[in-house]
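Next come the chains, spelled out residue by residue.
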Amino acid sequence: MALLEKKNEIGFRGLLPFLTSLLLAVIMVLPYKIPYFGNLMPYLTLIAVYYWAVVRPELLPVSVVFMIGLIQDILGGGPLGMMALLLLLVRQFVLIQGRNFLERDFLFNWLIFVIISLVFGFSSWAVASIYYKTILNYWHAIGQSLLTIALFPVVTWGLGNIRKRLKAEKR
């Protein structure tokens, strides 16, 4: 019986972390007609990778995270492999700390995410600056990190609702 449940996980429910992360990556690179918003687009894939790594890490293997980051780099035109590397580091950090996150409440997870988001923003700014051989505007990275932190509850609420609805359909 457990084997049958595992096979069902491989279906649509098993693809859910990849599909939602991919959708958020596409949303990040869509052209918006809002001035300066293109430079301050929040790291939506960071939220998705963090969320799925905490909630269902077995459905978010290294290969999926790498592919999401690579797709985001290709669509966004950034340094190839930068987002893949940074998202993999976030996934590994969450897996190493796993039980510490799962046993805590939302505010604790949000506080940890604040730290991760700020480090992620600084790291992406530093890697991009090295790649382009010029010091990029660090305010964009700070703005992206702050918007990511602000949108964290909304995006995780949406991902949680998607997960709960599919879980309810399973029964």
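None of these values were measured; they are calculated from a predicted model.

1. Here we look at the layout of surface pockets
Move 1: As a volume, the second largest pocket reaches approximately 340 Å³.
Move 2: What lines the second largest pocket is a set of 18 residues, among which Tyr51, Val55, Phe106, Asn109 and Thr156 lie closest to the centre.
Move 3: Elements represented by at least two residues in the lining of the second largest pocket include exactly helix H3 (44–55), helix H5 (82–102), helix H6 (106–132) and helix H7 (138–170).
Move 4: It is H7 that provides the largest number of residues to the lining of the second largest pocket, a total of eight residues.
Move 5: Considering only residue class, the lining of the second largest pocket consists of ten nonpolar, four polar and four charged.

2. Looking at the nonpolar core
Move 1: Counting 38 residues, the largest nonpolar core has Leu46, Tyr50 and Phe120 as the members making the most contacts within it.
Move 2: Of all elements in the fold, only helix H2 (12–29), H3, helix H4 (62–76), H5, H6 and H7 reach the threshold of two or more residues within this core.
Move 3: Here this core takes ten residues from H3, the largest share from any one element.

3. Description of the pattern of salt bridges
Move 1: Summed over all chains, the structure comprises one salt bridge.
Move 2: For glutamate 58, the salt bridge goes to arginine 56, with nearest N and O atoms at 2.5 Å.

4. Quick word on the environment of tyrosine 50
Move 1: Its location among the elements puts tyrosine 50 in helix H3.
Move 2: Residue tyrosine 50 is classed as buried on the basis of its relative accessible area of 2%.

5. Details of H5
Move 1: Along its 21 residues, H5 runs 28 Å from first to last C-alpha, staying within 8% of the 30 Å computed at 1.5 Å per residue.
Move 2: The largest bend in H5 amounts to roughly 65 degrees and is located at isoleucine 96.
Move 3: Its buried side turned inward, H5 meets H3, H4 and H6.

6. A look at the packing of H2 against H4
Move 1: Interaxial distance between H2 and H4 falls to 10 Å at its minimum, and their mutual angle equals 15 degrees. If you check the angle between H2 and H4, you find them roughly parallel. Relative to H4, H2 is oriented so that their crossing is right-handed. Taken together, the residues of H4 that come into contact with H2 (itself represented by Phe18, Ser21, Leu22, Ala25, Val26, Met28 and Val29) are Val64, Met67, Ile68, Ile71, Gln72, Leu75 and Gly76.
Move 2: Broken down by class, the residue content of the contact of H2 with H4 amounts to eleven nonpolar, three polar and no charged.

7. A word on the packing of aromatic side chains
Move 1: Considering all chains together, one arrives at eleven aromatic pairs under this definition.
Move 2: With centroids separated by 5.7 Å and ring planes inclined at 40 degrees, the aromatic side chains of phenylalanine 106 and tryptophan 110 adopt a geometry described as tilted. Remark: tryptophan 110 and phenylalanine 106 occur in helix H6; sequence separation between them is four residues, near one turn of the helix.
Move 3: Residue classification places phenylalanine 106 among the partly exposed residues on the basis of a relative accessible area of 37%.

8. Some thoughts on a nonpolar patch on the surface
Move 1: On the surface, Val26, Val29, Leu30, Tyr32, Ile34 and Leu75 cluster together into a nonpolar patch covering about 470 Å² of accessible area.
Move 2: Counting through the fold element by element, valine 29 comes out in helix H2.

Calculation criteria
Along every chain, residues carry numbers that run from 1 in the direction the sequence is written. This being a predicted model, a pLDDT of at least 70 is required before a residue's local features are given, and a value of 80 or more before pairs of side-chain atoms are given or counted; all residues contribute to the totals for chains, interfaces and linings. Each side-chain value is derived from all of the structure's non-hydrogen atoms; neither hydrogens nor water enter the calculation. With a 1 Å grid laid over protein atoms only, a set of points is called a cavity when a 1.4 Å probe fits there but cannot get out and a pocket when it is open yet has protein on both sides within 12 Å along at least five of seven lines; lining residues have an atom within 4 Å of a point. Grid points are joined across faces, edges and corners, and a volume is the space filled by probe spheres set on the points. Under the scheme used here, helices are H or I runs from DSSP no shorter than 4 residues and strands are E runs no shorter than 2 residues, and both carry numbers assigned from the N terminus. Residue polarity is assigned by list, with Asp, Glu, Lys and Arg as charged and Ala, Val, Leu, Ile, Met, Phe, Trp, Tyr, Cys and Pro as nonpolar; anything else, Gly included, falls into the polar class. Residues enter a nonpolar core if they are buried and are Ala, Val, Leu, Ile, Met, Phe, Trp, Tyr or Cys, with the set joined through side-chain atoms within 4.5 Å. Burial classes follow relative accessibility: with a 1.4 Å probe on protein chains only, a residue under 20% of its type's maximum area counts as buried, one over 50% as exposed, and anything between as partly exposed. The rule for a salt bridge is simple: a side-chain nitrogen of Lys or Arg has to be within 4 Å of a carboxyl oxygen of Asp or Glu. The length a helix should cover is 1.5 Å for every residue beyond the first. The angle between axes fitted to the seven residues ending at a residue and the seven residues starting there is what we call the bend at that residue. Residues count as neighbours in contact if any of their non-hydrogen atoms are within 4.5 Å of one another. In this description, a line fitted to the C-alpha atoms serves as the axis of each element, helices being fitted only across the stretch in contact, and the angle between N-to-C directions of two axes falls anywhere from 0 to 180 degrees. What sets the label is the angle itself: under 35 degrees gives roughly parallel, over 145 gives roughly antiparallel, 65 to 115 gives roughly perpendicular, and the rest give oblique. If you view the pair so one helix is near and one far, a crossing is left-handed when the near helix is turned anticlockwise from the far one by less than a right angle, and right-handed when it is turned clockwise. Side-chain rings of Phe, Tyr and Trp (the six-membered ring for Trp) are treated as a pair once their centres are within 6.5 Å; stacked means planes under 30 degrees apart, edge-to-face means over 60, and tilted covers the remaining angles. Exposure above 30% relative accessible area and the absence of a salt bridge qualify a residue for a patch, where like charges join within 9 Å and nonpolar side chains (Val, Leu, Ile, Met, Phe, Trp, Tyr) within 5 Å. Working definition of accessibility: Shrake-Rupley area with a 1.4 Å probe, residue cover restricted to the visible protein chains.

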